[in-house]
Amino acid sequence: MEKIGKVASENGVVIFSKSTCCLCYAVQILFRDLGVQAVVHEIDHDPDGKEIEKALTRLGCNGPVPAVYIGGKLMGSTNEVMSLHLSGSLLQLIRPYQHNLSSHD
Amino acid sequence: MMNSTSTQFVPSRRMGIYEPIHQMSMWGDFKGNNCLDASTPMILEVDPKLDNQSEDTSHGTVGHSNKYDQEASKPPDKVLRRLAQNREAARKSRLRKKAYVQQLESSKLRLIQLEQELGRARQQGMYTGSALDASPLSYAGSMNPGIATFELEYGHWVEEQDRQLADLRNALQSTETGDVELRIFVDGGLRHYCDLFKMKATAAKTDVFYLMSGMWKTSGERFFFWIGGFRPSELLKVLLPHLEPLTEQQRLDLGNLAQSCQQAEDALSQGMDRLHQILGAAIAKQLGEGNYLPQVGAAIEKLDDLARFVGQADHLRQETLQQISRILTTRQAARGLLALGEYFQRLRALSSLWSSRPRESS
């Protein structure tokens, strides 16, 4: 679906989300703590929301939100993001997009 | 009785036509005394035959002869109606019997589970304070066979865990155990934790609050609980001192793992806080009107989110374990698994040790 691709390629880190989804919120918090200003696209406030939801499901996102794109490429949902982070790979992927490295308290 | 000259229909006891009605009252209140007696099958046997023949009547002819004699004196629609009623009564009786048997079977499952609990409790010297508290378990068990199954399987899981740990301890203490053998232990141990996560995922589908409350664990373990299980970051803190000596690279990798694990945990915790607020607000909407179904219904939709969180937390636990095992050598991983297992064993014993401690006389 072109809208997804457009939003993903125009921004560094994109999280497709729903305003009521707390797991999406958790992923946002993670990126914020890593110093990344992620673009959060809430599909329940998007008129094309249903289309986007179907497309994300077809792309393999179970949920289908949150769906995380980094540098225009689909990383996956919460499971994938967590695995990437624990293996150390996530930090490398987001390096170009980190503004300020906030120290977690 | 078959020689009556009245044109009224007389119940033919030989055909057992009215048996079903007697049986009905027995199924109806599950008193159970004669429900499974031998006369029950008679309903099923007689039934198909009833369809094919007319009634043996009381019309004054020799009715005591072969009960399959065709006699045309009964008005056919009355006969058909009674046949239909009998079929219906027999069908209802069969349905009631089926329901009764199902109830028996779930009671049996519950009984097995209670016996397991009792056996385990006696073994470990617990008397209360653990899962034997009547209210939470029996409520969950009798209301939800999925949870009763989970508790049963969890009991088996703990026993298997204890066995694996004893074997692992022996293997590590023996100087002859090589890395190949230890690798088998490590892989088996990790797989066993995965089995538990799978069991929990299945149980979450039937009752997510049960998972969140940790009711299948001892009260001591529940003190350390975080979203349905142990804290992954705690895991690393417990293990680190027991993994020495470590190389510099290992120390660095484990340090990074600890940090990312903590960050992931914090993110999930904040997400859970938000879910708390949203769920609470949904239930608190429009109070005072007496009708609660719409609000509770909306709250129930959010429980899917809760199940996802429990799944996510378990995923974090599983990934943390996998990462640790990748960073360590086989022997270090084996030692780590043993230390972890013993840590959990102590937690399990914590509440019972507390309740059985010697009290000072005042």
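Residues numbered from 1 in each chain as written. Chains lettered and ligands numbered in written order. Predicted model: local features only at pLDDT ≥ 70, side-chain atom pairs only at ≥ 80, totals over all residues. Heavy atoms only, no water.

A. Structural view of the overall build of chain B. When its secondary structure is counted, chain B shows 12 helices and zero strands. When its helices and strands are written in sequence order, chain B yields α-α-α-α-α-α-α-α-α-α-α-α. Buried residues in chain B amount to 41% of all 362 residues. Long-range pairs, those at least 24 residues apart, make up 75% of the contacts in chain B between residues at least 6 apart in sequence. (Helix = DSSP H or I, 4+ residues; strand = E, 2+ residues; numbered from the N terminus. Buried < 20%, exposed > 50% of the residue type's maximum accessible area, 1.4 Å probe, protein only. Contact = heavy atoms within 4.5 Å.)

B. Representation of a nonpolar patch on the surface in the model. Residues and elements named next belong to chain B. A surface patch of nonpolar side chains, amounting to about 420 Å² of accessible area, comprises Tyr292, Leu293, Val296 and Ile300. For Val296, the location among the structural elements is in helix α11 (residues 293-327). The class of Val296 is partly exposed, set by a relative accessible area of 31%. (Patch = residues over 30% accessible without salt bridge, like charges linked within 9 Å, V, L, I, M, F, W, Y side chains within 5 Å. Areas by Shrake-Rupley, 256 points an atom, 1.4 Å probe, with all protein chains shown as cover. Salt bridge = Lys/Arg side-chain N within 4 Å of Asp/Glu carboxyl O.)

C. Inspection of helix α10 (residues 248-284) of chain B at higher detail. Its 37 residues give α10(B) an end-to-end C-alpha distance of 54 Å, which sits within 8% of 54 Å, the value for a rise of 1.5 Å per residue. Phi turns positive one or two residues past the end of α10(B), at B:Gln286, with a value near 50°. (Expected span 1.5 Å × (residues − 1).)

D. Focus on the confidence of the model for chain B. Residue and element names in this part refer to chain B. Here chain B shows a mean pLDDT of 77. Residues at 70 or above account for 72%. Considering only residues more than four positions removed or in separate chains, one finds that residues 1-66, a stretch of pLDDT under 50, has 106 contacts. Within the model, the stretch residues 126-142 combines pLDDT values under 50 with 26 contacts to residues more than four positions away or in other chains. Two summary scores accompany this predicted model of the complex, namely pTM at 0.68 and ipTM at 0.92. (pLDDT = per-residue confidence, 0-100.)

E. Representation of the environment of A:Ser77 within the structure. Structurally, the position occupied by A:Ser77 is in the loop between β4 (73-76) and α4 (78-87). Along the chain, A:Ser77 and A:Gly60 lie 17 residues apart, while their C-alpha atoms are 8.9 Å from each other. Residues contacting A:Ser77, with those up to four places away along its chain left out, are A:Asn62, A:Pro66 and B:Arg308.

F. Representation of the sheet that holds β4(A) in the model. Residues and elements named next belong to chain A. Taken in spatial order, the four strands line up as β2-β1-β3-β4 in an open sheet, and their pairing is mixed. Strands at the two margins of the open sheet, each flanked by one partner only, are β2 (39-42) and β4. Within the sheet, the average angular offset between the axes of one strand and its neighbour, ignoring direction, is 25°. In this structure, strand β1 (residues 13-17) lies alongside strand β3 (residues 67-70), joined through four bridges in antiparallel fashion. Note that in β3 the partner of Ile15 across the bridge is Val68. (Pairing = 2+ DSSP bridges. Axes fitted to C-alpha atoms, helices over the stretch in contact; angles between N-to-C directions.)

G. Main features of the interface of chain B and chain A. Counting residues at the interface gives 22 residues for chain B and 25 residues for chain A. A per-residue breakdown of the area chain B buries against chain A is headed by B:Gln263, B:Arg274 and B:Arg308, which together make up 28% of the total. The interface formed by chain B and chain A holds zero salt bridges in total. Our count for the chain B to chain A interface comes out at five residue pairs in polar contact (both at pLDDT 80 or more). Put simply, the parts of the chain that give the side of chain B that touches chain A at least two residues each are α10 and α11 of chain B. It is α10(B) that provides the largest number of residues to the side of chain B that touches chain A, a total of 13 residues. (Buried area = accessible area lost by both parts, 1.4 Å probe. Polar contact = N/O pair within 3.5 Å; in protein donor to acceptor, adjacent residues only side chain to side chain.)

H. A look at the packing of aromatic side chains. Residue and element names in this part refer to chain B. On inspection of all chains with the given rule, the structure shows 12 aromatic pairs over all chains. Consider the rings of Phe150 and Tyr210, whose centres lie 6.4 Å apart with planes at 90°: the pair is edge-to-face. Taken together, the positions of Phe150 in helix α5 (residues 145-173) and Tyr210 in helix α7 (residues 208-213) put the pair 60 residues apart, joining distant regions of the chain. No difference in accessibility class separates Phe150 from Tyr210, as the two residues are buried. Ring geometry for Phe230 versus Phe344: centroids 5.2 Å apart, planes at 40°, classification tilted. Here Phe230, found in the loop between α8 (219-223) and α9 (232-239), pairs with Phe344, found in helix α12 (residues 330-355); they are 114 residues apart in sequence, far enough to count as distant. (Phe/Tyr/Trp six-rings, centres within 6.5 Å; stacked < 30°, edge-to-face > 60°.)

I. The pairing of β3(A), seen in detail. Residue and element names in this part refer to chain A. Side chains of β3 alternate between two faces, with Ala67 and Tyr69 and Val68 and Ile70 buried alike. Here three bridges tie β3 to β4, and the two strands are oriented antiparallel to one another. For Tyr69, the partnering residue across the bridge sits in β4 and is Leu74. Taking the residues between adjacent antiparallel strands as the criterion, β3 and β4 are bridged by two residues, where Gly71 takes a positive phi near 60°.

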